[in-house]
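# Descriptive analysis of the structure
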Amino acid sequence: MRIGSGMLLLLLLPFCGSARAHNGDLTVRPTCKPGFSEEDYTALVSQTIMEGQKLLKVKFSDCPGNNRIRFETNNLDFKVRTDGTIYAARQVQIPLKQTVFMVTAWDRQTLERWETMAILLVGEKTQHNGHKQQKGKKNASTDFAPQPSDTLIPWRQPQNSNGLRRQKRDWVIPPINVPENSRGPFPQQLVRIRSDKDSEIHIRYSITGVGADQPPMEVFSIDPVSGRMYVTRPMDREERASYHLRAHAVDMNGNKVENPIDLYIYVIDMNDNRPEFINQVYNGSVDEGSKPGTYVMTVTANDADDSTTANGMVRYRIVTQTPQSPSQNMFTINSETGDIVTVAAGLDREKVQQYTVIVQATDMEGNLNYGLSNTATAIITVTDVNDNPPEFTASTYSGEVPENRVEVVVANLTVMDRDQPHSPNWNAVYRIISGDPSGHFTIRTDPITNEGMVTVVKAVDYEMNRAFMLTVMVSNQAPLASGIQMSFQSTAGVTISVTDINEAPYFPTNHKLIRLEEGVPTGTALTTFSAVDPDRFMQQAVRYSKLSDPANWLNINATNGQITTAAVLDRESVYIKNNVYEATFLAADNGIPPASGTGTLQIYLIDINDNAPELLPKEAQICEKPNLNVINITAADADIDPNVGPFVFELPSVPSAVRKNWTITRLNGDYAQLSLRIMYLEAGMYDVPIVVTDSGNPPLYNTSIIKVKVCPCDENGDCTTVGAVAAAGLGTGAIIAILICIIILLTMVLLFVVWMKRREKERHTKQLLIDPEDDVRDNILKYDEEGGGEEDQDYDLSQLQQPETMDHVLNKAPGVRRVDERPIGAEPQYPIRPVIPHPGDIGDFINEGLRAADNDPTAPPYDSLLVFDYEGSGSTAGSVSSLNSSSSGDQDYDYLNDWGPRFKKLADMYGGGEED
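Small disclaimer: the values here were computed from a predicted structure and weren't measured.

## Concerning the confidence of the model for the protein chain
- Averaged over every residue, the pLDDT of the protein chain is 79; the share at 70 or more is 76%.
- Of the regions scoring below 50 in pLDDT, residues 1-30 engages in 85 contacts with residues more than four places distant in sequence or in other chains.
- Ignoring residues within four places in sequence, the model shows residues 125-153, a span with pLDDT below 50, making 47 contacts including any to other chains.

## Here we look at the side chain of Asp637
- With respect to the element layout, Asp637 can be found in the loop between β52 (631-636) and β53 (648-650).
- No salt bridge forms around the buried Asp637; measuring N to O, its nearest opposite-charge neighbour Arg571 is 7.4 Å away.
- Polar contacts involving the side chain of Asp637 include one to the main-chain amide nitrogen of Asp639, which spans 3.0 Å.
- Ignoring anything within four residues of it in the chain, the contact list for Asp637 reads Asn611, Ala612, Pro613, Asn643, Val644, Phe647 and Asp694.

## What to know about the state of the cysteines
- Evaluation of the coordinates by the stated rule reveals 2 disulfides.
- Between the sulfur atoms of Cys623 and its disulfide partner Cys713 the distance amounts to 1.8 Å. Linking Cys623 and Cys713, the disulfide has an S-S dihedral of approximately -105° and is accordingly described as left-handed. Residue Cys623 is located in strand β51 (residues 619-623), and its partner Cys713 is located in the loop between β57 (701-711) and α4 (721-727); the two are separated by 90 residues in the primary sequence.
- Owing to a relative accessible area of 2%, Cys623 belongs among the buried residues under this scheme.
- Here Cys711 is linked by a disulfide to Cys719, with a sulfur-sulfur distance of 1.5 Å.
- Given a relative accessible area of 22%, Cys719 falls into the partly exposed group.

## Comments concerning the pattern of salt bridges
- Summed over all chains, the structure comprises 17 salt bridges.
- Salt-bridge contacts for Arg246 lead to Asp262; the nearest nitrogen and oxygen are separated by 2.7 Å. Of the two residues, Arg246 is situated in strand β23 (residues 242-251) and Asp262 in strand β24 (residues 256-268); the sequence distance between them amounts to 16 residues.
- A relative accessible area of 32% means that Arg246 is categorised as partly exposed.
- The exposure class of Asp262 is buried, given its relative accessible area of 10%.
- Asp687 is paired through a salt bridge with Lys707; the nearest N and O atoms lie 3.2 Å apart.

## Notes on the sheet that holds strand β35 (residues 396-402)
- Pairing is mixed in the open sheet, where 4 strands are placed in the order β35-β42-β41-β38. The two strands at the open ends of the sheet, each matched to only one other strand, are β35 and β38 (428-434). Averaged over all neighbouring strand pairs, the angle between strand axes comes to 30°, with direction disregarded.
- Sheet topology note: the β38/strand β41 (residues 467-476) ladder contains 6 bridges and is antiparallel. Note on β41: the bridge partner recorded for Tyr430 is Val474.

## Describing the environment of Pro234
- For Pro234, the location among the structural elements is in the loop between β22 (228-231) and β23.
- C-alpha of Pro234 to C-alpha of Pro187: the two residues are 47 residues apart in sequence and 9.4 Å apart in space.
- Among residues more than four places away in sequence, those in contact with Pro234 are Asn181, Ser182 and Phe186.

## Section: the sheet that holds strand β39 (residues 441-445)
- Pairing in this open sheet of 3 strands is antiparallel, and the strands run β36-β40-β39 from one edge to the other. Sheet topology places β36 (409-413) and β39 at the edges, where each strand pairs with a single neighbour. For this sheet the average axis-to-axis angle between neighbouring strands, irrespective of direction, equals 25°.

## Quick look at the pairing of β41
- Burial of β41 is extensive: 7 of the 10 residues sit out of reach of the surface.
- Where β41 meets strand β42 (residues 491-499), 7 bridges bridge the pair, whose relative direction is antiparallel. When the sheet's bridge partners are listed, Leu470 is paired in β42 with Val494.

## Re a nonpolar patch on the surface
- On the surface, Leu745, Val749, Phe752, Val753, Trp755 and Met756 cluster together into a nonpolar patch covering about 610 Å² of accessible area.
- For Met756, the position within the fold is in helix α5 (residues 732-768).
- For Met756, a relative accessible area of 38% translates into the label partly exposed.

## Some details on unusual backbone geometry
- Between Gly184 and the following residue, Pro185, the backbone shows a cis peptide bond with an omega angle of 5°.
- Here Pro185 lies in the loop between β18 (176-179) and β19 (188-195).
- The omega torsion of the bond from Asn697 to Pro698 falls at 0°, within 30 degrees of zero and hence cis.
- Here Pro698 lies in the loop between β56 (684-693) and β57.
- The phi dihedral of Asn181 falls on the positive side, at around 60°, and the residue is not glycine.
- Considering the arrangement of structural elements, one finds Asn181 in the loop between β18 and β19.
- Residue class for Asn181 comes out partly exposed when judged on its relative accessible area of 37%.

## Concerning the side chain of Asp533
- Considering the arrangement of structural elements, one finds Asp533 in the loop between β44 (525-528) and β45 (542-548).
- By relative accessible area, Asp533 is classed as buried at 17%.
- In this structure the side chain of Asp533 is engaged in a polar contact, spanning 2.7 Å, whose partner is the side chain of Gln540.
- Excluding its chain neighbours within four sequence positions, the residues that come into contact with Asp533 are Glu503, Pro505, Gln540, Val542 and Asp589.

Definitions and cut-offs
- Residues numbered from 1 in each chain as written.
- Predicted model: local features only at pLDDT ≥ 70, side-chain atom pairs only at ≥ 80, totals over all residues.
- Heavy atoms only, no water.
- pLDDT = per-residue confidence, 0-100.
- Contact = heavy atoms within 4.5 Å.
- Helix = DSSP H or I, 4+ residues; strand = E, 2+ residues; numbered from the N terminus.
- Buried < 20%, exposed > 50% of the residue type's maximum accessible area, 1.4 Å probe, protein only.
- Lys, Arg positive; Asp, Glu negative; His and termini not counted.
- Salt bridge = Lys/Arg side-chain N within 4 Å of Asp/Glu carboxyl O.
- Polar contact = N/O pair within 3.5 Å; in protein donor to acceptor, adjacent residues only side chain to side chain.
- Disulfide = S-S within 2.5 Å.
- Pairing = 2+ DSSP bridges.
- Axes fitted to C-alpha atoms, helices over the stretch in contact; angles between N-to-C directions.
- Patch = residues over 30% accessible without salt bridge, like charges linked within 9 Å, V, L, I, M, F, W, Y side chains within 5 Å.
- Areas by Shrake-Rupley, 256 points an atom, 1.4 Å probe, with all protein chains shown as cover.

Right, here's the structure in full:
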């Protein structure tokens, strides 16, 4: 019976089922071990699923009488009943062609879990020959009875009873499962794709997608004629877990015969990867004395295999623990999470500070027979808690301190603490409980040794306290752990003895202030400035002396410290500051060693009227005619109130011209005005006496002279320049004389400059008239002849040239050669100068000649080291060693006398005929 005109058959390979059976045979499972019967379940459903619609049923193998199994899914749209039936919890619209979710079975008592996969494929339910197609593989094989049992029909094109073609509907092919790490042989056939149109036309099959024509390339291949699809190499699920291919059917011309179908290929996981710990060494810590169940750390191992199968389910266990004290099982590990916790009490850092635990991770849910394992090291450090109080190593300590000393360590207190050194649980803190009410001592902790250093912070006095009895207590920076009590050895006694030393005398009142009037006579007793010696138990004498007396006004009695005056005390002295005079005195005892102290005496001097006032200013200026121009005058007094102003200003009666020419007008107690009494006073300098009297008791007065310059003034009341000069005492004749002197001086300077110019000109003219032969200056002499003169022409210059033969050169010793010979070769052609050169060609001509000269190897000097070694043997010129200076001969040197003064010395040496 023919089923439609266009049908594509999908042939399933027998090896897929056998591979799964073989995989199941790898693990010998107990007959009563619970678990799902399949690793995944597949059902064909419509795209819209109604609420409560049953989809498929999973089968779970459980031990008889076990009713603790419950099912759940990771998709809220689907639920599982207790019998394994999966149904829709609400109306579901599947957007894709399939949906996949996990179904989990778990034991409520042991919390053991099992998982499987549910795959819902979206397809069309069709009716063929009056029979409704059912879900499931069995029904599918029943409907397609005319086809082989291993062939699926991805495309259906049935006809209705009237012979009309129905619209083509696509089927979704169930996923193809391929085990990873298959040993072949390759290629291995997976499925066969066939259309029933291949009986009518020739059809070519092809596949596309990742693994076919996209990287990784050619993992899968298809026979274009038979439609058999193959896998070409072993698969690796960890590299890629699934493939999505599309199958195509075309005729010989490339025309599409069938719509492409989707092929989903899932790689079945094999247990081929060991669990790998994230770290090879884990570090954790736990407090000592922790209770059982205290969390320590977590170790984690990852398995690259499928985590939804036993291949990727990792379980942990502790292999060894080092050291095994106080118990060999101090820790345990959660087999699923890897959490390490304490399982026994007795952790003590003072006994065991660190544990090394070897942790093993095994897949296959921890099955040591079939699972793969790996190990890691967990280092657990027992951290310190303050469970050991510090204790003094002795019950009493002693020390000694000299009086009046601070920052001195009196005693060192040693303690013992078994906690971790240099931690808050070990660092000691010391306190003085009793025996030091005034706070003379403190205890500081040495950060290295943890010892307590009893230190003096406030000076002690032997005369007040000869000894101290301290009670001290020690504790830690951190509080003691719960349940730990302080030890009775945490307190101790400290005895400190004070030694007496010679202390310096001191002045009880320092600075001492006394008040008296200035001007007391010499030898007056002012006060007694005595010191006290604090050493009551030593019989010592104190002597006094001056340490500082700026004005040398005072004396002190060396025995009793009485102060007397050595001079009159003056309040207006420069040594007085704010009416106070300071002097410093020294008090020294005769102890061993001697000690001394200083005291300052301040004398406040009361002012008396002993200074007459002084007139200010000393000089002034006024116009010769009375106007508003007056002189303001005041007075200065070295005394202080009430011995100063108000002042009285008046003119003396003698001489009488003073009161005739001048008058004083009082402004206030400190100021007055001096002005002219007459209508005109001749310009000049005038000394005006003025009597100034202060307000002291008794009052003092002083006659002061003010120099007044009277001068003519302009309309503004200011002195004119001429008037100022006249007022200074210079008349018109004196001014004219000064001007004449200035003119004469300028004329003399001008005449001197003219004379210097003329002399310089005469000197230049005289030099031009000197005979060149008499000129002895260093001038350049130009000679228009080559050679040294006629006498030089007798030399044979050919001897200095290169000899004709080279035999004497070739026969010389190696290393000495003459190398300044003219090179043999073609001489360069120098440019010919044009007869009538063009102005623009001059530069080119010069440049061309320069380049030719630079490139001419025959032009001297040659670029070589010039070695002249022809003197003596082998030289054609002969030796010059026989030449000497001689005064004999018939040479006449008289002409040297005509060469001028510069050759006189030479003429005297070689001429000399006349002198002889």
